[in-house]
Amino acid sequence: MIQPNDSFEEIESAVVRFAGDSGDGMQTVGERFTDSSAFAGNDIATLPDFPAEIRAPAGTLAGVSGFQLQFGSREILTPGDVPDALVVMNPAALKANIEDLPEGGMLVVNVDSFKKINLAKAGYDTNPLEDEEFRKKYHLIELDLTGLTKEALAETSLKPSDKARCKNFFALGFMYFVYGRPLEPTLKFFDDKWAKRLPELAEANSLALKAGYNLGDTLETARNRYQVSKVAAQPGVYRKISGNEALVYGLVVASKKANRDLLYSGYPITPASPVLEGLSQLKKYGVKSVQAEDEIAAMGVALGASFAGALSVCATSGPGMCLKSEFIGLASITELPLIICNVQRGGPSTGLPTKTEQSDLLQALFSRHGDCPLPVLAAHSPSDCFDCGMEAVRIALTYMTPVILLSDLYLANGSEPWRIPNVVDLPGIENSFANEDEEYVIYRRDPETLARTQAIPGQVGLEHRIGGLEKGEDGGVSYDPENHEEMTRLRADKIAGISKSFDPIEIRGESEGDLLVIGWGGTYGAISSAVGNLRDEGFSVSSVHLRYVNPLPDELGDVMSRFKKVIVPELNLGQLAMILRAKYLIDVISYGKVQGKPFKVSELREKFLEHVN
Amino acid sequence: MIQPNDSFEEIESAVVRFAGDSGDGMQTVGERFTDSSAFAGNDIATLPDFPAEIRAPAGTLAGVSGFQLQFGSREILTPGDVPDALVVMNPAALKANIEDLPEGGMLVVNVDSFKKINLAKAGYDTNPLEDEEFRKKYHLIELDLTGLTKEALAETSLKPSDKARCKNFFALGFMYFVYGRPLEPTLKFFDDKWAKRLPELAEANSLALKAGYNLGDTLETARNRYQVSKVAAQPGVYRKISGNEALVYGLVVASKKANRDLLYSGYPITPASPVLEGLSQLKKYGVKSVQAEDEIAAMGVALGASFAGALSVCATSGPGMCLKSEFIGLASITELPLIICNVQRGGPSTGLPTKTEQSDLLQALFSRHGDCPLPVLAAHSPSDCFDCGMEAVRIALTYMTPVILLSDLYLANGSEPWRIPNVVDLPGIENSFANEDEEYVIYRRDPETLARTQAIPGQVGLEHRIGGLEKGEDGGVSYDPENHEEMTRLRADKIAGISKSFDPIEIRGESEGDLLVIGWGGTYGAISSAVGNLRDEGFSVSSVHLRYVNPLPDELGDVMSRFKKVIVPELNLGQLAMILRAKYLIDVISYGKVQGKPFKVSELREKFLEHVN
Amino acid sequence: MSTTITEGTALNKKDFATPNDVRWCPGCGDYAILNAVQRTLPELGIPREKFVVVSGIGCSSRFPYYMNTYGFHTIHGRAPTVATGVKVSNPDLSVWMITGDGDGLSIGANHLLHLLRRNLDINVLLFNNRIYGLTKGQYSPTSEVGKKTKSTPLGSVDHPINPLLFALGSEATFVARTSDTDMKHMVETFKAAQSHKGTSFVEVFQNCVIFNDKTFGPVTSRDSKDDQVLVLEEGQPLVFGANKDKGIRLNGLEPEVVTIGDGVTEKDLLIHQPKSANSAYANLLAQMSYPSFPTPMGVMRQLDGRETYEDALCQQVSLAQSKGDGNLQELLTGRNSWVVED
Amino acid sequence: MSTTITEGTALNKKDFATPNDVRWCPGCGDYAILNAVQRTLPELGIPREKFVVVSGIGCSSRFPYYMNTYGFHTIHGRAPTVATGVKVSNPDLSVWMITGDGDGLSIGANHLLHLLRRNLDINVLLFNNRIYGLTKGQYSPTSEVGKKTKSTPLGSVDHPINPLLFALGSEATFVARTSDTDMKHMVETFKAAQSHKGTSFVEVFQNCVIFNDKTFGPVTSRDSKDDQVLVLEEGQPLVFGANKDKGIRLNGLEPEVVTIGDGVTEKDLLIHQPKSANSAYANLLAQMSYPSFPTPMGVMRQLDGRETYEDALCQQVSLAQSKGDGNLQELLTGRNSWVVED
Ligand SMILES: Cc1ncc(C[n+]2csc(CCOP(=O)(O)OP(=O)(O)O)c2C)c(N)n1
Ligand SMILES: Cc1ncc(C[n+]2csc(CCOP(=O)(O)OP(=O)(O)O)c2C)c(N)n1
Ligand code: SF4
Ligand code: SF4
Ligand SMILES: [Mg+2]
Ligand SMILES: [Mg+2]
């Protein structure tokens, strides 16, 4: 193995971004860099960023795909505001990303792609690399990646065009040198992926990676190298995990804990498809997965399976949520357990299908007709999707209710290190099954939870009928006015009462002060970082991050009232802010951003500063 | 014609309810009584009330169908809290309605149906008519309607069973006598309906009606008769109109005023089907109506037609609204004009399909994913559906936006007198068409309204493409972060700015005081009556009835702040209240009712009284 | 569909009736169908608790309320999806799906298509009354062109769906038709549906007395029946008529009505072969319609041997589990974990 | 569909191209289809501003962005409804609908069914690549059983939809198939579609290089094509093979492949009759599939004479208006008004 030389500059954290064409393999190298950093013991957070087209025309701005990560020896909560180093594979990638690179930042450029035609496709009249101003502004490293890679692979049997396609790993190797990353995890990846099927590819990529690394050692300009030490983490077994993976695992574990077979039913949609794909691979764990004809069907299949006793789950994104509304109403009035995950993306309509947003909160709360409140949860980090998956199942089965679980594209695709829990230590989940020895009264309720009990088809003597018409306690259709009011309020009270089972609110910072920041979902990292920084600087700022959007935690009003101001940053036009204002009559300040991108720590910091002192 | 005798007691208003089996023709006699009262110059309001089944088993409670109306010489705003007179055709009708009849109320009973088997079907162990307590409690009039009708029709050629079916008109004739109603409108109705096709039926019903009337003259118990004088109404031509009829007319008139052909596309659903049925009959007015395969399709057809230049409308109820959400998002982002009517019924899910409710307000505001605000209007009385239909079209075409118009079952089926407007006096409606002489930039906006202009397929040189992906001003797909934020805010600002075009808020009562009642939709009559009564009694109560739920009128916050308390009565669990609280941070009191029934004036009065003094 | 038959628990029709009032209009054809189903189920040797009846919305879809089994009255058009969920979750249940011409063919035809092609072992009964009953009489996708209804005052303009052709186009493995006027035929047909392994699609002609009375009268009424109905029996020639003297012969690919006698014998007639591999024959039957042809009744197509969706899926699950159940801790740990020591 | 042809505005292919970058993957079959459509349209004699291209969501559905006509990229599966709205509102437009196997047959098949049966004069091109392209490679309703994809790691278990059988089951009046590999055949087929009055349904075999490369290779590739493709021509016998020595003969109701020569002549073969009244013949063609049969390409069914929905509707409107336009004031006044005097 190549030994890193020792002229390192020690830094606390760094942000690296790779950008290139959709076909350039930027997501792959980003993931590898992440693995390597995790393996090196750093904390990490990632931000993949790709276009809605599968492979838009090579060289155009529309085709630029990027991957940013931050890694550090301190707690890393976001993928970083701006890159310290930017690797660009072509002019379009430069054009699309250069504005984000601060002066003096490291800019690694694949120069052989800076030909007239590519410059034109990117909308450059002249080659920016020939501009002296530009050259001086950054720490520019020009590499003829194609040429260097081909050279490195001269001995291999690959076709020249295939050789050139290894250039992403050459670039990666180079960056590994700069940041002193270990090569092993990536070499292992090549092995796992190709050693059997395409050994020549595994070999070529290894060669390219190493060649890139070695180049660093020889290249004048790359002399300064950085060292990022291990983060002080709790002891345990760790892995890197994305939000969608964590969700899949959380659901499977919950199904085992609840002793119900998991039935997943979904329809492909970005960014929720990996949940379908991930669960499809877990038949070994008793998971049945159905790719339905659409999201309505997916929900219907899930509801039917729930009626038949399965732990039913479906996941989708905004457009699919629209289609589920009517069935959600039916699930609510029949009080069947069911998990509905919305991995949010930019809206409205088809919107920005590969960008992140948090703009489906009000939809989650109010999409269906009639008074039909439901529990709504939101995960706040990739690994939190695991916990939220389990929690959603607990609520669904304890309270006999559909549960809406919100995630978002940023969490779904982003990843972070996760301390793997011990499965046996995780709590069990109770079901609310009917007592076979008693007369079965469908909507008779547990006085504590107000949940009804469930009888499963196949159980002798518990035959019964349910449906979407209003009904009395015995399930018989009832048009009685008072009964309707009673049933409507009982259903609402049941949901409202779930808050009694919540853990107390966790406040980051003092429990009173100048400014309280309330967040929910994927903004957790950015908010916590900004608030943490401000507190370190002595400002009186605290934050609360809500897992439960409905019902809200009982003590939230109290907490809010202990601060002079409350601000709610969200990746929408102020949806949670509206809910809090209505409930607590506090003049909550809404700070909305709708750019298909997560908050930057710096923009939050600035905004918060406006409201302290 | 039969002359009413003159021993009348003059009363200001009266409430009559007819109740019988679904097959007994109660809706028909109710409508006739209404016509007759309108013709007599009274103000009126009606409440049809029927089960979800077409014809549930004869004689059961499930099959009871009723019709209540109030008529008076003063302004009549509701169908009345409780009946002064109740006509019941069978024991089930008695059972289902008797609780509403106050002591001393007139109770007309079809005694021949009070046989054992019918009593049992209604759940009576003994015949209540044999109970002395019961007999004393009401002003009981027992008629052998079947026998009397058969007798009256002895000479006609109808089959005995067909003769018996005329008993509803016999009962109606009797009630006409009691309340001194003119027979002409009903005789004319027979003529219009049956004279050509079934002359023997027209004759038989006329005979039955007159026989019933004459019986009144001879029957001891019916001696006291009531007289309700003409209401002092504005001069003009009047007709009786239901909410659904008014909506149909409003839309057709608007289409002519806007010079666009009306394309209606719908899918049958209670209580919106009459809009489809009504517009299907207006081909003469250039209306094209399409019965689509479902509500998604209905919305798609409407949107396609809107793109092609039509004035597009669809109407549905809650379950159908669920299905339209995704298309509503597309209509919003493409900024095409379109009217979406939701004639609300009891929810959630299939709920109470033939009962009224106002519980789809939050759905109207928030059903779709993404930040996607839209104008939401609500009609407040049957005839107001005409004005709201026109207003919805004005907003849609002026602002290039889909508009959601809320009605409800109570308005849709209920009716009232309507002073017919002069079509030529109604205002014209402007379109926002593209200028053929200029380069067409799809999302370039009018600086005043922020509306884009529309180019219609077939126009030379204005070819263009629209869709659901986020786009720049020129319509080109854009994933640019700043552009998305700008577009999202522009769309929101456009909708918010519509309030600039509203008429000032009308306050019923003083413009400041103890209690402000804010209502919306079909509760107008009950709220106005209750508030009017309280004001007459000297209480400081005023009311505002909102036509616009989004955007809210600009001065609403000001108005609210001038009252000590604000209460919002709604037929839901507090949906508008939530919106007002969020926007104005005023501790609005929510008064919700979810019983599938309108508010009674008395229950509102009581509630309001709790909050004054 | 077909379901493991458990030891005969001697059930009878009454065991399948609920105490609930049946709330259809007096004279509605739905009563007869309910009757037929309640007669069929006890004869199948399946315990009552294994039946699940799933429906959408419509008069017909009130059906589950009247069956003393597990039942789910869902939402308009979506019954196939819920039925699929029930069956996939527990293949041991006998699932019956009830739908109407509006519910199944207007809003819900997509789900029906996918149910049919996936071939879940479910029995689908489509009550075709060629009208929207519950919403009070608008035309439906099976209403004939020119039909005047509340929503088509000048007559409908859309070409109606032929439910059988639709099912065949969806490659259903069992396609049949029966009528609410013939109790015996209904029971037979429902039994055949149950004994077929795969989705069984049965169109039931159903009379709506209120909004579309006698729509099938010209075909199924007592007077016309003999001459207008062609009762299908496997392996038998296509013969019909009060005197059994008429039949169907093939001329190239066109069927024609012939009279047996003048030179034509039964041998010249088409033989009913519901099990032929390709669907062209069933397609011909499905296109035969009043008044040019007699209306076929019975099983038009029955294709054995296509695996059901739930069996295939469950097999994948068992196969995956055959090497032992998954270990959760291993799953969570994955292949790229690392340890942080104390 | 067919549309009033207006005087020839000499358009050419370039007139139909937009300046927008075409954003499909290099090598995607969609490019060839775009090319074919851009070649077809200028030859129809219809002015450019009368074309409207409507699509759903999917790679294929990005199509309208690349056509310099009026265009609407709608939502997933719903293009038939929007196209219907456009055509009903203005029957004078030439409406082209683009969809994929997922868009058109998974989420959207119900709307397609209703479009086809209503027979609006619209051309539907279904790009069948047997995969979900835009969502990155899950199986689609036309994927073969056993297909391994991201969402079916152990192979798919659902029986695929046959798009042509589906269209025939929906009683489409025009059903055809072509392939992205044959420019000339595409242009011919699209022209035939346009000249048909009524909904024209065209399945286009389309290659997705990224997620399902060469799925139709065994049929349409250069080497296999002659032996595996059966090009349909009206009135001609069903002959195929590199040497034109193979044909299709009917045996009862079963088609069989025969070699011309050993006792078999062209006269024994089926003659291509896309216009036969019943659909049994087209149904047979649609069921012929690789590897047992050659794959038919061309127009399988063309039924003339069924009125289009929009014509029938517009006729009702004109008829209603023939006695004069409606008087609005009369409408509002109705038959039961009364006057309140001053
Ligand atoms: C989403 C939705 N749209 C519309 C309706 C109204 N609706 C109830 S039943 C029905 C049609 C019933 O027709 P069919 O399926 O033929 O059943 P039938 O009543 O004739 O038995 C409709 C349109 C509904 N309940 N839900
Ligand atoms: C309601 C909804 N569900 C899911 C999606 C995600 N989605 C986009 S395209 C697509 C399928 C595309 O497949 P196909 O129609 O075959 O088109 P192709 O990309 O293969 O051309 C899906 C599921 C969506 N956009 N909207
Ligand atoms: S309306 Fe028709 S289908 Fe419905 S219950 Fe009555 S008769 Fe039967
Ligand atoms: S993913 Fe497939 S269908 Fe989509 S553009 Fe690429 S090659 Fe074409
Ligand atoms: Mg029906
Ligand atoms: Mg596809």
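This structure is a prediction, so every number in the text was calculated from the model and none was measured.

Participant: Any details on the overall build of chain A? Residues and values, ideally.
Facilitator: Each helix and strand in chain A was counted, giving 21 helices and 23 strands. Scaling as 2.2 N^0.38, a compact globule of 613 residues should have a C-alpha radius of gyration of about 25 Å, and chain A matches this with 26 Å. Over its C-alpha atoms, taken along the principal directions, chain A stretches across nearly 85 × 60 × 50 Å. The buried share of chain A, reckoned over its 613 residues, is 70%. Here the contacts in chain A between residues at least 6 apart in sequence split such that 76% fall between residues at least 24 apart. Carbon and sulfur atoms provide 47% of the accessible area of chain A, an area that totals close to 20,000 Å². Each charge class in chain A can be summarised by its mean position, and for the 61 positive and 83 negative side chains these summaries are 4 Å apart.

Participant: Talk me through the coordination of the magnesium ion (ligand 5); I want residue IDs and the actual numbers.
Facilitator: Residues and elements named next belong to chain C. Every protein donor of the magnesium ion (ligand 5) is accounted for by Asp101 (OD), Asn129 (OD1) and Ile131 (O), and the metal-donor separations fall at 2.0 to 2.2 Å. Sequence positions of the donors to the magnesium ion (ligand 5) reduce to the motif D-x27-N-x1-I. With a gap of 28 residues between them, Asp101 in helix H3 (residues 101–107) and Asn129 in the loop between strand E4 (122–128) and helix H5 (163–169) connect regions that are remote in the sequence. Judged by its relative accessible area of 2%, Asp101 is buried. On the basis of relative accessible area, Asn129 is assigned to the buried category, the value being 7%.

Participant: Could you give an account of the site of ligand 4, naming the residues involved and the relevant values?
Facilitator: Around ligand 4 sit Ile54(A), Trp24(D), Cys25(D), Cys28(D), Cys59(D), Asn129(D), Gln206(D), Cys208(D), Val209(D), Ile210(D) and Phe211(D), and those are all the residues in its vicinity. Flanking ligand 4 are residues from chains A and D. The class makeup of the residues in the shell around ligand 4 is nine nonpolar, two polar and no charged.

Participant: Give me the site of ligand 3: which residues, what numbers.
Facilitator: Around ligand 3, the neighbouring residues are Ile54(B), Trp24(C), Cys25(C), Cys28(C), Cys59(C), Asn129(C), Gln206(C), Cys208(C), Val209(C), Ile210(C) and Phe211(C). Looking at the residues close to ligand 3, they fall on chains B and C.

Participant: Which residues make up a negative patch on the surface, and what are the values?
Facilitator: Taken together, Glu436(A), Asp437(A), Glu438(A), Glu439(A), Glu473(A), Asp474(A) and Glu486(A) make up a surface patch of like negative charges. Mapped onto the secondary structure, Glu436(A) falls in the loop between strand E16 (415–419) and strand E17 (465–467).

Participant: Pulling in residues and values, what's your account of the interface of chain A and chain D?
Facilitator: Taken together, the contacts link 27 residues of chain A with 29 residues of chain D. A per-residue breakdown of the area chain A buries against chain D is headed by Ile54(A), Arg55(A) and Gln291(A), which together make up 28% of the total. Our count for the contact surface shared by chain A and chain D stands at two salt bridges. Between Arg23(D) and Glu53(A) there is a salt bridge, with the nearest N and O atoms lying 3.4 Å from each other. Along the contact surface separating chain A from chain D lie ten residue pairs in polar contact (both at pLDDT 80 or more). The dominant element in the side of chain A that touches chain D, judged by the number of residues it contributes, is helix H11 (residues 273–280) of chain A, at four residues. Grouping the amino acids of the side of chain A that touches chain D by side-chain chemistry returns twelve nonpolar, eight polar and seven charged.

Participant: Please give an account of the interface of chain A and chain C that cites residues and values.
Facilitator: Residue-level contacts link 67 residues of chain A with 58 residues of chain C. With both sides pooled, the region where chain A packs onto chain C buries about 5,200 Å², and carbon together with sulfur makes up 63% of that total. Counting across the chain A and chain C interface gives three salt bridges. Connecting chain A to chain C are 29 residue pairs in polar contact (both at pLDDT 80 or more). Looking at the side of chain A that touches chain C, the elements with two or more residues in it are helix H8 (184–194), strand E9 (236–242), helix H10 (243–258), strand E11 (288–291), helix H12 (295–307), helix H13 (318–334), E16 and E17 of chain A. No other element matches H12(A), which puts eight residues into the side of chain A that touches chain C. Residue composition of the side of chain A that touches chain C, by class: 40 nonpolar, 14 polar and 13 charged. Sheet topology places E9(A) next to strand E12 (residues 338–340) of chain C; three bridges connect them, and they run antiparallel. Considered in E12(C), the bridge of Tyr238(A) is made with Trp338(C).

Participant: Run through unusual backbone geometry, naming residues and quoting values.
Facilitator: Leaving glycine aside, a negative phi is the common case for residues, and trans is the common case for peptide bonds. A cis amide bond links Thr270(B) to the next residue, Pro271(B), at an omega of 0 degrees. The residue after Tyr290(D), namely Pro291(D), is reached through a cis peptide bond having omega 0 degrees. With respect to the secondary-structure elements, Pro291(D) resides in the loop between helix H9 (280–287) and strand E11 (295–302). Positive phi, close to 50 degrees, is recorded for Ser349(B), a residue that is not glycine.

Participant: So what's going on with the coordination of the magnesium ion (ligand 6)? Which residues, and what values?
Facilitator: All names here are of chain D. Protein coordination at the magnesium ion (ligand 6) comes from Asp101 (OD), Asn129 (OD1) and Ile131 (O), with a distance range of 2.0 to 2.2 Å. The sequence motif formed by the donor residues of the magnesium ion (ligand 6) is D-x27-N-x1-I. Taken together, the residues span a long stretch of sequence, with Asp101 in helix H3 (residues 101–107) and Ile131 in the loop between strand E4 (122–128) and helix H5 (163–169) at a distance of 30 residues. Accessibility expressed as a relative area gives 3% for Ile131, which makes it buried.

Participant: Can you lay out the packing of aromatic side chains for me, pointing to particular residues and giving the numbers?
Facilitator: Per the stated rule, a full pass over the model turns up 49 aromatic pairs over all chains. With a centroid separation of 3.9 Å and an interplanar angle of 5 degrees, the aromatic rings of Phe205(D) and Phe216(D) are classed as stacked. With Phe205(D) in strand E6 (residues 200–205) and Phe216(D) in the loop between E6 and helix H7 (217–220), this residue pair connects regions lying eleven residues apart in the sequence. Overall, the relative accessible area of 6% leaves Phe216(D) in the buried class. Three or more aromatic residues link up through ring pairs in this structure, and these residues are Phe18(A), Phe33(A), Phe71(A), Tyr176(A), Tyr179(A) and Tyr226(A).

Participant: Summarise the pattern of salt bridges; cite the residues concerned and give the values.
Facilitator: Across all of its chains, the model carries 78 salt bridges over all chains by this definition. Glu610(B) is the partner of Lys607(B) in a salt bridge, and the nearest nitrogen-oxygen pair spans 3.4 Å. Of the two residues, Lys607(B) and Glu610(B) both sit in helix H21 (residues 601–610), three residues apart, roughly one turn of that helix. Overlapping salt bridges, with partners in common, bring together Glu31(A), Arg32(A), Asp35(A) and Lys240(A) in one network.

Participant: Describe the domain arrangement of chain A, listing the residues and the values that go with them.
Facilitator: Residue and element names in this part refer to chain A. For chain A, the assigned domains are domain 1 (9–227), domain 2 (239–425) and domain 3 (507–610). Put simply, the middle of domain 1 and the middle of domain 3, counted by C-alpha atoms, are 36 Å apart. The interface is formed by seven residues belonging to domain 1 together with eleven residues belonging to domain 3. For the pairing of domain 1 and domain 3, the buried interface totals around 630 Å² over both sides, and the portion due to carbon and sulfur atoms is 55%. Together, Leu77, Thr78 and Asp81 form the three largest contributors to the area buried by domain 1 at its contact with domain 3, with a combined 71%. Counting the contacts that link domain 1 with domain 3 gives one salt bridge. Between Glu75 and Arg508 there is a salt bridge, with the nearest N and O atoms lying 3.6 Å from each other.

Each value, and the rule that gives it
Residues numbered from 1 in each chain as written. Chains lettered and ligands numbered in written order. Predicted model: local features only at pLDDT ≥ 70, side-chain atom pairs only at ≥ 80, totals over all residues. Heavy atoms only, no water. Helix = DSSP H or I, 4+ residues; strand = E, 2+ residues; numbered from the N terminus. Rg over C-alpha atoms; globule rule 2.2 N^0.38 Å. Buried < 20%, exposed > 50% of the residue type's maximum accessible area, 1.4 Å probe, protein only. Contact = heavy atoms within 4.5 Å. Areas by Shrake-Rupley, 256 points an atom, 1.4 Å probe, with all protein chains shown as cover. Lys, Arg positive; Asp, Glu negative; His and termini not counted. Charge placed at Lys NZ, Arg CZ, Asp CG, Glu CD. Donors = N, O, S within 2.8 Å, 3.2 Å for Na, K, Ca; no water. Near = heavy atom within 4 Å. Nonpolar A, V, L, I, M, F, W, Y, C, P; charged D, E, K, R; others polar. Patch = residues over 30% accessible without salt bridge, like charges linked within 9 Å, V, L, I, M, F, W, Y side chains within 5 Å. Salt bridge = Lys/Arg side-chain N within 4 Å of Asp/Glu carboxyl O. Buried area = accessible area lost by both parts, 1.4 Å probe. Polar contact = N/O pair within 3.5 Å; in protein donor to acceptor, adjacent residues only side chain to side chain. Pairing = 2+ DSSP bridges. Phe/Tyr/Trp six-rings, centres within 6.5 Å; stacked < 30°, edge-to-face > 60°. Domains from an automatic or database assignment.

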